[in-house]
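Survey of secondary and tertiary structure
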Amino acid sequence: MGTSLTQEFGERLALLLVAATGVAFALAALFDSLPLRRQNRRAHRPLSKPVEPIRAPHQPGTGSHRPSVHV
């Protein structure tokens, strides 16, 4: 027993095809943008608070004294 495809079936098929294409396009765009957002978030986040270098304590004395260098 054969059945023929009706015009209503063709309209529904076209509507479902367009809807599925739109959903697939939206999901592809979303999943493509996720790694880029993660990469940008890492690039803008500071790693840690900058630490100032530790300076040696100042030793008062004569200006002509030069420290000895041992090799």
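Structure shown above.
Residues numbered from 1 in each chain as written. Predicted model: local features only at pLDDT ≥ 70, side-chain atom pairs only at ≥ 80, totals over all residues. Heavy atoms only, no water.

One pass over the full model with this rule turns up 1 salt bridge. With a shortest N-O distance of 2.8 Å, E8 and R12 are connected by a salt bridge. You can see E8 and its partner R12 sitting in helix 1 (residues 7-44), 4 residues apart, about one turn around the helix. (Salt bridge = Lys/Arg side-chain N within 4 Å of Asp/Glu carboxyl O. Helix = DSSP H or I, 4+ residues; strand = E, 2+ residues; numbered from the N terminus.)

This brings us to a nonpolar patch on the surface. A contiguous nonpolar surface patch, about 460 Å² in accessible area, is contributed by V23, L27, L30, F31 and L34. Locating F31 in the fold gives a position in helix 1. (Patch = residues over 30% accessible without salt bridge, like charges linked within 9 Å, V, L, I, M, F, W, Y side chains within 5 Å. Areas by Shrake-Rupley, 256 points an atom, 1.4 Å probe, with all protein chains shown as cover.)

Once that is clear, we can look at a positive patch on the surface. Among the surface-exposed residues, R37, R38, R41 and R42 lie close enough to one another that they form a single positively charged patch. Secondary-structure assignment places R41 in helix 1. Looking at R41, the relative accessible area reads 55%, which means it is exposed. (Lys, Arg positive; Asp, Glu negative; His and termini not counted. Charge placed at Lys NZ, Arg CZ, Asp CG, Glu CD. Buried < 20%, exposed > 50% of the residue type's maximum accessible area, 1.4 Å probe, protein only.)

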